[in-house]
Structure formats: C-alpha cells, structure tokens
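Listed below are the residues making up each chain.
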Amino acid sequence: MTALFDTFKARAEAVSAEVHRFATKAEALDFILAFLRQENAADIPQSRVVWANGSLLDGVDLGQLAAQTPGLTFNVTRDAAETSKIGISQVECAISDTGTLVTDAAPVERRLVSALPLIHVAVVATDTIQPDMAAALVRVHPGQCGYISMITGPSRTADIERVLTIGVHGPSRLVIVFVDELGRS
Amino acid sequence: MNTAFRESIHSAVNNANLTGALGRFSEAYRVSRAKAYEGVDFEEVRGRIAELKSYAASHLNELAEIFTRNAQARGAKVFRTNDANAAAQYVVDLARKNGVKSVVKSKSMASEEIHLNRHLEEAGITASETDLGEWIVQLAGERPSHMVMPAIHMTKEQVAEVFSKEVNERLAADIPALVKRARKELRTKFLNAGMGVSGANIAVAETGSIVIITNEGNARLVTTLPKTHVAIVGVEKLVAHFSDVLPILKALPRSATAQLLTSYVSIITGPSPNTDGSLKDLHIVLMDSHRSEMANDPMFKEALQCIRCASCLNVCPVFRLVGGHVFGKTYTGGIGTILTAWFDELKQSEEIQGLCIQCGNCVDVCPGKVPIPDMILELRRRLVKQQGPSLKEKAAFGIVNNRRLFHTMLRAAYTVQKPFAKDGFIRHLPIFLSDLCEFRSLPAVAEEPFRDKFLKIEQPRSQEKAAFYAGCLIDFAYPETGTAVVQVLNKAGIEVIFPEGQTCCGAPARFSGAYEVAAGNAKANIDALLAEDVAYVVSACPTCTVALKHDFAKTFASLGLTESVPRAAALAAKVVDFSTLAKQLVDAGRLTLKEGDHLSRITYHDSCHLKKTLKADRAPRELLGKAGYELVEMFECDMCCGMGGSYSLKLPEISAPILRRKLTNIKNTGAPIVAMDCPGCAMQIRGGLDKDGAPIEVRHTAELIADRLDSGAGPRPGRPLGPASQAARRNEDR
C-alpha cells in the first residue's frame with residue numbers, strides 16, 4: 001500500500017494536487033477543521049463550506065459540528081455550493097499510476113461540492129488505492145453508477161498562449177486527505 | 001490552385017502569432033509526448049485501439065442498436081439519424097419545446113460539424129461555448145484553428161481585446177486575470193442555462209454510457225447544472241465493451257496534450273438527479289452522417305479508428321506553419337482533410353489535400369493507426385479521376401511516361417541551362433520561372449548523365465550481381481552518387497549492372513494522383529530490372545526505393561491490376577536501399593573502411609521515406625561512425641526538409657520556411673558536413689545552403705563511404721548475403 005500511495009502522491013503532486021495522509025479519522029477531521037479555519041471559512045458569500053456527507057463523519061454529531069464551524073453546511077444545494085469557497089466530499093477510490101480520484105458522482109451533491117467551489121477537499125480511504133484505471137473501474141462500474149467522475153488535479157487550461165493556468169471552471173485547489181483507518185472496518 | 005486558397009496560405013504563413021505559437025508548441029510537443037508515454041508500450045496500446053475501433057467500424061449499425069437499447073434501458077432518450085440537419089433540428093425542437101432561452105456547450109466537434117450554434121441562433125436561442133478556447137473563438141467570430149487548442153492563433157492581447165468588448169470594460173492582457181474573468185462570466189451562463197450540450201469522446205454499446213473528458217471542468221457543469229443534457233455523438237465514437245475505454249483513455253490525453261490523464265473524466269450512464277431532485281432529461285443524438293459510407297469503403301474504413309487526439313496536427317511540418325484556418329472546415333490537418341472529403345464532399349478536399357507533403361510523421365504517432373498519407377493520396381487519385389489532371393501535369397506526365405522522350409529532354413536541358421548554371425547550381429531563372437529558385441538554388445543538369453558515365457566504369461567480374469536503380473536525380477543531376485555506389489559494391493566483390501530500360505520510378509505521378517502514369521512507369525521498371533538475374537536491386541534514393549519496394553504493388557492494387565502484383569512482389573523482394581546493404585556487407589566482413597582516423601564532426605538528416613517507411617535510420621549512422629566521423633545529432637533530425645518532390649514547386653511558400661528551419665537546425669550543430677541518403681533532400685538542402693552562403697558540405701552517405709574505402713584491402717567476394725530483402729525487412733519489422 002505504501003508503494004501505491006507514494007506513486008499516487010508523486011503523480012498527483014505533479015499535477016498540482018495537495019496530498020495528505022493520516023492514520024486515524026480523528027486526525028483527518030482535525031486537519032480538515034484546521035484547514036477551514038486557515039482558509040477563513042465564514043458564513044458570508046464565497047467563504048462558506050459545503051460538505052457532502054461520507055463515512056469519515058460516521059458517529060460525528062453533524063449538527064454540533066456545523067454549529068461549531070463558521071459557514072459550514074451539510075445541506076448541499078446548488079445555491080450553497082455556488083456561494084461556497086470550499087467543498088468537501090469523500091471518493092470511492094484512487095488510482096495510483098495517474099494520481100486520480102474516482103467517485104460515484106450520481107448523487108448530485110458530490111458533483112456540486114467538487115465542481116463549483118474554488119477549493120475541493122477530497123477524503124479517501126488509503127486502502128482503496130488501485131494500481132491503475134482498469135482495477136478502479138471494476139470497483140466503480142457504470143452497471144451500478146450512473147455518473148462516474150474521475151478527478152486528476154485541479155481544473156486547468158492552456159488555451160491562452162499555451163500558458164498553464166489553474167482553476168478555470170472547477171476548483172483551483174484539490175486537497176486530498178488519505179485516511180488509513182477508513183475502510184478498515 | 002484557386003486564388004482564395006493561395007491567399008489563405010499566404011496570410012497564414014505570414015502570421016507570426018500563429019506560426020510562432022504553433023511552432024513552439026510542436027517543438028515542445030515531441031518531448032512532452034515522449035515523457036507522457038514513459039513506461040507505456042505505445043505500440044501495444046495503439047494495437048489494441050486500432051483493433052477495437054476497427055471492430056466497431058465493421059459493426060457500426062449493430063453497436064448503435066446495442067447502445068440505443070442499453071442507454072434507453074437506463075432512461076436516456078436516443079435519437080438516431082443519418083442526417084446532420086436532422087440532428088441539429090432535433091436539438092432546436094427540444095430546446096423550443098422546453099422553453100429554453102440559453103444553452104451552454106462543452107466542446108463538441110460533432111456540433112460544429114452540424115453548425116448547431118447557427119441553427120440555435122436562428123431559432124432565437126443563445127448558445128455559449130464554455131471551453132475557454134472555444135469561447136474566445138466564438139466571441140471573436142472566428143473558427144477554431146486547432147482541434148484541441150482552438151485559440152492557439154491568438155495572443156493574450158487579442159484575447160483581452162475580445163473579452164473587453166464582451167464585458168464592456170477595459171481588461172489587461174494578463175492571462176490569470178483573463179481566465180478568472182472568463183470563469184465569472186461563464187459561471188453565470190452555466191447557472192442560467194436551460195440546456196447543456198456536449199459531445200462525447202467515447203460511447204460504450206455494452207453499457208449505454210458516454211465518456212467525456214475535459215481539463216477545465218466545463219463538461220461537468222454542462223452535464224450537471226441545466227435540467228436537460230443533450231450529447232451529440234458521431235457513431236464513430238462507439239466501442240463495443242466498457243473495457244475498450246481503457247486503452248483509449250490511456251492514449252488520448254497522452255497524445256493530445258501529453259497528460260497522463262485529463263483533469264476530469266465523466267462517464268455518464270442514463271440520467272442522474274438534478275439539483276432540484278428531479279431526474280435529468282438526457283438525450284443522446286447518435287449521428288451517422290456519412291460514417292457508414294466511409295466504413296464500407298475499404299480504402300477509408302480505417303479513418304474511423306481516429307480518436308481525435310490531433311497528434312497528426314502536432315507533428316505535421318505543414319500544419320505548424322499554416323494552422324487550421326486554411327482548411328476552412330471543422331476538422332483540420334491530415335485527418336481533417338479526409339473527414340472533410342467524406343462529411344462534406346470529395347470536391348471540398350480538392351485544395352487542402354495538396355497541403356500534405358507525404359512525410360509520414362503522423363503515421364508514427366497516430367494512436368488509431370490511421371494511414372493518413374495513403375488516404376490523402378487516394379483522395380488525390382479519386383479527384384484526378386473525377387476531374388482529370390491539370391493541363392500542366394498532363395503534359396509533364398505525358399513526357400515522363402515516354403522514357404526516350406523524357407531522357408532526351410533531360411539531356412537537352414543541359415544545353416538550355418548553360419546561361420544560368422554556375423558551379424553546378426542554377427541560382428536565377430528568367431522571370432516566368434524565377435519562383436523555382438527563389439529560396440534555394442537548383443542543381444544544374446549534369447553534363448554527362450550517370451547512364452553514360454556508367455559505361456566507362458571498369459568493374460571486376462563477379463557471379464554476384466546487383467542492378468543499380470539510379471532514379472532521375474542521381475542519373476541526371478548527381479551522377480557522382482551513382483559512381484560512389486558502384487565503387488562501394490565493387491569493393492565488396494559485387495558486380496553492378498545498369499539496366500538501360502529503367503525510367504522514372506513514378507513517385508511524382510503517384511503523389512499527384514495520376515496512378516495510370518505511375519503504373520506505366522512501374523511496368524517499364526519491373527521489366528527492365530527483372531530482365532537479368534541479380535541478387536539485389538539497389539537504389540540510393542529512398543523515394544525510389546519505396547516506389548520499387550512498396551508502391552508499385554499498391555498502385556497496381558488501387559487500379560485493380562491484380563495480374564501485375566506478383567511481378568511487383570518479385571522485384572520488391574530484391575530491392576534494398578544503399579545504406580542497409582552497405583552496412584550488411586560491413587557486418588559480414590566483406591567491406592572494410594579505413595580505420596583509426598578521426599574525421600570531422602558530421603550531422604545526419606533523416607529522409608522521410610528512409611526513416612518512416614523503410615525504417616533504415618540506423619544503418620547510415622553506423623556506417624558514418626565506422627568511417628570515423630563524429631556524429632552530432634541536429635534538433636528534429638527526422639523532420640522533413642520541405643522538398644517533397646514537386647511539392648516544393650507547387651507550394652514554395654510552405655516549402656521555403658520548412659527548409660529554413662532545417663537549415664537552422666543543421667547550422668546549430670556546428671558540423672561542417674551534413675549527410676543524408678536522399679538526392680531529393682540533398683537538392684533541397686544543398687540549394688538552401690547555397691543561397692544562404694553557409695560553408696556546410698552536403699553529401700550522400702554513399703559518397704562519404706566511397707571516400708573511406710580501405711584501398712589496401714582487395715575485393716572480398718564472400719558468401720552471398722541471402723535474399724536482399726531480409727535486411728530491409730528486418731528494418732521494417734522493428
């Protein structure tokens with residue numbers, strides 16, 4: 001798993017993603033909350049946070065967490081996502097050799113939080129890392145999933161003078177949080 | 001060539017923004033593409049893609065049916081049509097029915113092909129492109145200049161100008177700021193649009209899925225925010241199995257933009273929920289529009305293996321000079337020429353097919369293994385058949401087809417040129433011919449053609465014989481190359497014969513689409529070269545070698561002259577290029593070069609036919625190394641020199657800048673000698689260096705090797721090398 005993670009990290013960072021890894025859910029949650037503070041999350045337009053629920057939050061009192069965290073909502077609507085700076089979601093698995101995240105994006109809130117805000121924080125269980133796309137698409141297959149979204153780094157363009165520019169229509173930052181403890185149930 | 005087309009070429013090659021941006025990109029592309037493919041077996045991947053796309057092309061109707069059934073079962077509405085107008089009308093009607101006022105689009109070439117934006121606007125519906133490059137081009141009222149990079153011809157200043165007009169505010173030419181502004185403007189459009197229109201990169205029959213890749217993330221918004229999503233998909237995007245997406249997704253981003261994967265890949269199977277909880281109104285327009293006709297034509301079926309990566313544009317020496325606008329249609333470059341001929345009509349390709357210089361760069365990189373140059377030749381042949389050759393070509397080929405007349409005229413040329421020739425060059429011609437040597441000097445016709453010189457060469461007798469095929473340039477302009485070939489082969493104990501009946505190899509006629517003329521040349525040469533029993537047929541001109549070895553049979557096959565194919569094959573088995581044979585003789589110990597001398601630095605130019613078709617790029621380098629030269633590789637050593645036979649006469653405005661780039665790369669090595677295996681390239685490069693005044697010698701490999709024959713060692717008749725074609729075939733199997 002360490003080799004797969006190392007390759008993932010190298011490949012994802014090569015396309016400007018930020019990669020973190022934590023042993024426990026508690027550490028990961030602490031990191032995310034600290035990140036929100038650092039980014040000045042607040043209940044004003046373009047500073048809010050939308051979080052599409054995932055297993056990282058199992059056992060967490062969402063009402064209490066939202067109340068403690070300025071600007072955070074778990075009620076992901078189109079308007080909430082459009083006025084947020086940060087979107088958080090959990091993805092199904094990762095692909096090591098391209099630094100890609102694979103998500104079952106049929107639930108629309110998962111697309112909204114990863115497409116509209118400027119920053120996307122993606123939570124992923126470390127032991128879901130697959131060596132390549134072939135293995136990943138066995139886990140997430142169109143037979144069960146109507147909208148599969150693969151994400152490799154932040155949104156980018158080179159359409160003006162071939163100059164690489166990050167953050168066109170999607171997020172300009174992709175922060176990936178691996179959690180070893182997730183999925184080890 | 002019509003005036004408007006000539007003018008569009010003229011304005012393109014003189015557009016410094018365009019040629020600068022495309023030139024820099026294509027130079028960087030080769031390096032970044034190679035890096036993206038590190039650790040990937042490209043031949044294996046493209047073998048799989050070619051196979052699965054070929055299967056799909058043979059089963060278009062069946063796959064379309066399976067796709068329709070499966071997509072419908074998942075809740076998508078599928079509209080199948082053969083007609084481009086019906087496809088556009090379907091989208092317009094749907095928008096009207098749903099009261100849609102504005103449409104957001106992610107990049108779709110199929111929608112451009114059916115002029116969807118125009119249809120929507122005529123119905124009073126606003127259509128906004130959302131891919132940044134496409135939006136820039138749309139706002140500027142222009143057409144994309146590249147299939148993957150639509151606005152590559154524009155500077156940031158021009159983009160700022162266009163955006164400023166759109167937002168009614170003076171914007172600075174600052175790229176990140178412009179991108180940010182585009183995000184803001186287009187975000188509003190996404191949120192307000194009633195319909196999203198996309199294309200698809202792949203459509204999977206087995207699952208009824210469409211696959212869309214983008215880097216900007218616009219396709220995710222187009223398919224998520226509006227309540228209706230219409231995907232316009234050409235049937236050539238169909239594949240049978242879901243697993244087929246893997247090799248395509250492995251190659252497409254690597255070949256298109258040198259990425260391991262694009263930022264986003266969306267695989268959509270049936271409608272997903274909208275943001276208000278309703279289910280997406282998902283429509284898939286599956287459009288044939290001449291694709292099935294292509295699939296049924298054995299000469300063009302493989303064009304459906306294209307995955308639209310545009311790598312054929314990125315490596316093309318002509319495209320990087322002229323860009324996409326001169327093609328005048330949605331699809332550009334080599335593959336675009338072919339698609340235009342089919343999706344519009346053959347006649348629409350009349351001018352643009354002439355842009356292909358037949359260098360074969362695109363064949364090496366195509367992930368779908370589409371033989372683009374061969375298909376363009378076939379278009380040429382059909383155009384000539386439909387419309388007849390130009391009067392000028394008709395006259396020229398009338399002469400070429402009559403060997404005696406042709407050779408008499410070449411001999412006469414020596415006398416006619418006298419007032420213009422000096423030191424073996426013609427540097428100026430009277431006004432009506434002055435274009436011919438504006439950017440390079442032409443070689444003077446030799447006083448004594450090789451066929452006459454040959455009779456005076458004394459040769460050792462030997463049982464092992466080779467027939468030398470000179471070709472027109474060596475015979476009449478560079479006889480010294482022919483003499484060198486004979487010296488080298490004699491040294492190895494091979495006796496050379498020169499069959500008098502040999503004539504033009506037919507390449508000029510074939511490249512002009514005049515296949516009947518080429519077939520006449522082929523027959524005459526086969527008769528002449530097979531008359532005597534020889535072990536090898538040797539040529540020191542790669543274009544001629546390819547004609548003898550590959551094209552004679554292809555020409556016969558194209559014309560249905562199947563009875564002539566076996567004789568062409570018998571000849572092909574004996575044909576070998578000079579360097580491959582010489583290298584084989586050195587390896588067998590039958591040819592020794594002077595050893596121990598350290599000669600000067602040398603750089604080597606790969607001729608297109610030698611490297612791309614015959615794959616004999618190593619033999620000349622190894623020979624020159626053994627001869628004592630220190631090889632310094634030039635940048636883009638295997639990029640065309642711009643000669644392309646009569647191409648340099650027909651399109652001097654393109655040939656000249658290609659040559660200039662080559663001369664710069666040669667000069668940058670600092671080597672005093674540039675070697676090559678092709679007298680055509682030698683003519684172009686020698687003529688260019690003569691005009692340029694650079695003191696660099698241009699030599700054929702055969703001459704350099706002949707200079708280094710070990711005079712001490714006598715002829716070494718050894719064991720025969722076996723079928724001549726073995727070494728050549730080993731090259732091509734590589």
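Residues numbered from 1 in each chain as written. Chains lettered and ligands numbered in written order. Predicted model: local features only at pLDDT ≥ 70, side-chain atom pairs only at ≥ 80, totals over all residues.

**A short note on the overall build of chain B**
Working step 1: Scanning chain B for helices and strands turns up 35 helices and 21 strands.
Working step 2: Taking 2.2 N^0.38 as the reference for a compact globule, 734 residues should give roughly 27 Å; the C-alpha atoms of chain B span a radius of gyration of 28 Å, in line with that estimate.
Working step 3: If one aligns the C-alpha atoms of chain B with their principal axes, the spans along those axes are about 90 × 55 × 50 Å.
Working step 4: Evaluated residue by residue, chain B yields a buried proportion of 54% over its 734 residues.
Working step 5: For chain B, the proportion of contacts with a sequence separation of at least 24, taken over those separated by at least 6, is 78%. (Helix = DSSP H or I, 4+ residues; strand = E, 2+ residues; numbered from the N terminus. Rg over C-alpha atoms; globule rule 2.2 N^0.38 Å. Buried ≥ 20, exposed ≤ 12 C-beta atoms within 10 Å, placed from the backbone. Contact = placed C-beta atoms within 7 Å.)

**Some details on the interface of chain A and chain B**
Working step 1: Each partner contributes to the interface: chain A provides 36 residues, whereas chain B provides 47 residues.
Working step 2: The set of elements that each furnish at least two residues to the side of chain A that touches chain B consists of α4 (78-82), α5 (108-115), α6 (133-139), β9 (147-151) and β10 (156-157) of chain A.
Working step 3: Top element by residues in the side of chain A that touches chain B is β9(A). It accounts for five residues.
Working step 4: Taken together, the residues that form the side of chain A that touches chain B break down as 15 nonpolar, 13 polar and eight charged.
Working step 5: The sheet contact formed by β9(A) and strand β9 (residues 264-268) of chain B spans five bridges and is antiparallel. Bridged to Tyr147(A) within β9(B) is Ile268(B). (Nonpolar A, V, L, I, M, F, W, Y, C, P; charged D, E, K, R; others polar. Pairing = 2+ DSSP bridges.)

**Here we look at the domain arrangement of chain B**
Residues and elements named next belong to chain B.
Working step 1: Annotation of chain B at the domain level lists domain 1 (37-127 + 194-292), domain 2 (131-192), domain 3 (293-387), domain 4 (421-582) and domain 5 (591-733).
Working step 2: Of note, the centres of domain 2 and domain 3, computed from C-alpha atoms alone, are 29 Å apart.
Working step 3: Of the residues in the side of domain 2 that touches domain 3, the class split is three nonpolar, three polar and one charged. (Domains from an automatic or database assignment.)

**Notes on the packing of helix α16 (residues 333-343) of chain B against helix α18 (residues 372-387) of chain B**
Residue and element names in this part refer to chain B.
Working step 1: In contact at an axis separation of 9 Å, α16 and α18 are set at 40° when each is read in the N-to-C sense. Classified by the interaxial angle, the pair formed by α16 and α18 is oblique. Considering the relative orientation of α16 and α18, their crossing is left-handed. In this structure, α16 contributes Gly 334, Ile 335, Thr 337, Ile 338 and Ala 341 to the contact, and α18 contributes Ile 372, Met 375, Ile 376 and Leu 379.
Working step 2: Here the contact of α16 with α18 is built from residues that sort into seven nonpolar, two polar and no charged. (Axes fitted to C-alpha atoms, helices over the stretch in contact; angles between N-to-C directions. Parallel < 35°, antiparallel > 145°, perpendicular 65-115°, else oblique. Left-handed = near helix turned anticlockwise from the far one by under 90°.)

**Examining the sheet that holds strand β11 (residues 421-422) of chain B**
Residue and element names in this part refer to chain B.
Working step 1: On the basis of which strands lie adjacent, the open sheet formed by three strands has the order β11-β12-β13 and antiparallel pairing. The sheet terminates laterally at β11 and β13 (442-443), the two strands that pair on one side only.
Working step 2: Across two bridges, strand β12 (residues 425-426) lies against β13 in antiparallel orientation. The partner of Phe 425 across the bridge, within β13, is Pro 443.

**Regarding the environment of Ala412(B)**
Working step 1: Its place among the elements puts Ala412(B) in helix α20 (residues 403-417).
Working step 2: A sequence separation of 33 residues divides Ala412(B) from Val445(B), and the C-alpha atoms of the two residues are 9.3 Å apart.

**Quick look at the nonpolar core**
Working step 1: Residues Val177(A), Val233(B) and Ile338(B) are the most contacted members of the largest nonpolar core, which totals 288 residues.
Working step 2: For Val177(A), the residues in contact, after removing those within four places along its chain, are His20(A), Phe22(A), Ala28(A), Phe31(A), Ile32(A), Val121(A), Ala122(A) and Val123(A). (Core = buried A, V, L, I, M, F, W, Y, C linked by C-beta atoms within 7 Å.)

**Some words on the pairing of strand β4 (residues 84-90) of chain A**
On a regular strand, one side chain projects to one face of the sheet and the next to the other, so that they alternate.
All names here are of chain A.
Working step 1: Of all seven residues in β4, seven are buried; the element is thus mostly enclosed.
Working step 2: The pairing of strand β2 (residues 48-51) with β4 spans four bridges and is classified as parallel. Note that in β4 the partner of Val 49 across the bridge is Ile 86.
Working step 3: Judged from the five bridges that link them, β4 and strand β7 (residues 119-125) form a sheet pairing that is parallel. Looking across to β7, one finds that Ile 86 is bridged to Ile 119.

**Details of unusual backbone geometry**
All names here are of chain B.
Working step 1: With phi around 40°, Ser 289 is a residue other than glycine that occupies positive phi space.
Working step 2: Secondary-structure assignment places Ser 289 in the loop between β10 (281-287) and α13 (291-295).
Working step 3: Given 20 C-beta atoms within a 10 Å radius, Ser 289 is considered buried.
Working step 4: Of note in this structure, His 290 is not a glycine but carries a positive phi near 80°.
Working step 5: Relative to the assigned elements, His 290 resides in the loop between β10 and α13.

**Quick word on helix α33 (residues 679-692) of chain B**
All names here are of chain B.
Working step 1: End to end, α33 covers 19 Å across 14 residues, agreeing with the expected 20 Å (1.5 Å per residue, within 8%).
Working step 2: By the criterion of burial, α33 is predominantly enclosed, with eleven of the 14 residues buried.
Working step 3: Positive phi appears at Gly 693, one or two residues downstream of α33, with a value of about 85°. (Expected span 1.5 Å × (residues − 1).)

**With respect to the confidence of the model for chain B**
Working step 1: Per-residue confidence for chain B gives a mean pLDDT of 93; residues scoring 70 or more make up 96%.
Working step 2: With a pTM of 0.93, the predicted complex shows an ipTM of 0.98. (pLDDT = per-residue confidence, 0-100.)

**Focus: the packing of helix α25 (residues 515-530) of chain B against helix α27 (residues 565-572) of chain B**
All names here are of chain B.
Working step 1: Interaxial distance between α25 and α27 falls to 10 Å at its minimum, and their mutual angle equals 50°. In terms of orientation, α25 and α27 fall into the oblique class. Seen from above, α25 lies across α27 with left-handed handedness. Of the residues in α27, those in contact with Ala 522, Ile 526, Leu 529 and Leu 530 of α25 are Arg 567, Ala 568, Ala 570 and Leu 571.

**Some words on the pairing of β2(A)**
Residues and elements named next belong to chain A.
Working step 1: Side chains of β2 alternate between two faces, with Arg 48 and Val 50 and Val 49 and Trp 51 buried alike.
Working step 2: Both β2 and strand β3 (residues 72-73) contribute to a ladder of two bridges, which runs parallel. Counterpart to Val 49 in the pairing with β3 is Leu 72.
Working step 3: On the question of chirality, the crossover connecting β2 to the parallel β3 by way of helix α3 (residues 62-68) is right-handed. (Right-handed = clockwise from strand over helix to strand, strands pointing away.)

**Considering the environment of Arg173(A)**
All names here are of chain A.
Working step 1: Locating Arg 173 in the fold gives a position in strand β12 (residues 173-179).
Working step 2: Residues Arg 173 and Gly 183, ten residues apart in the sequence, show an inter-C-alpha distance of 25 Å.
Working step 3: Not counting chain neighbours up to four residues away, the residues in contact with Arg 173 comprise Glu 18, Leu 118, Ile 119 and Pro 154.

**Brief notes about the sheet that holds strand β17 (residues 575-577) of chain B**
Residues and elements named next belong to chain B.
Working step 1: Strand order in the open sheet formed by four strands is β15-β14-β16-β17, and the pairing between neighbours is parallel. Of all the strands in the sheet, the pair left with one neighbour each is β15 (495-497) and β17. Within the sheet, the average angular offset between the axes of one strand and its neighbour, ignoring direction, is 35°.
Working step 2: As defined by bridge partners, strand β14 (residues 465-469) adjoins strand β16 (residues 536-539) across four bridges and the pair is classed as parallel. Residue Phe 468 lies in a different strand from β16, and its bridge partner there is Val 538.
Working step 3: Of the strands in this sheet, β16 and β17 touch helix α28 (residues 578-587), which is tilted by about 85° from β17.

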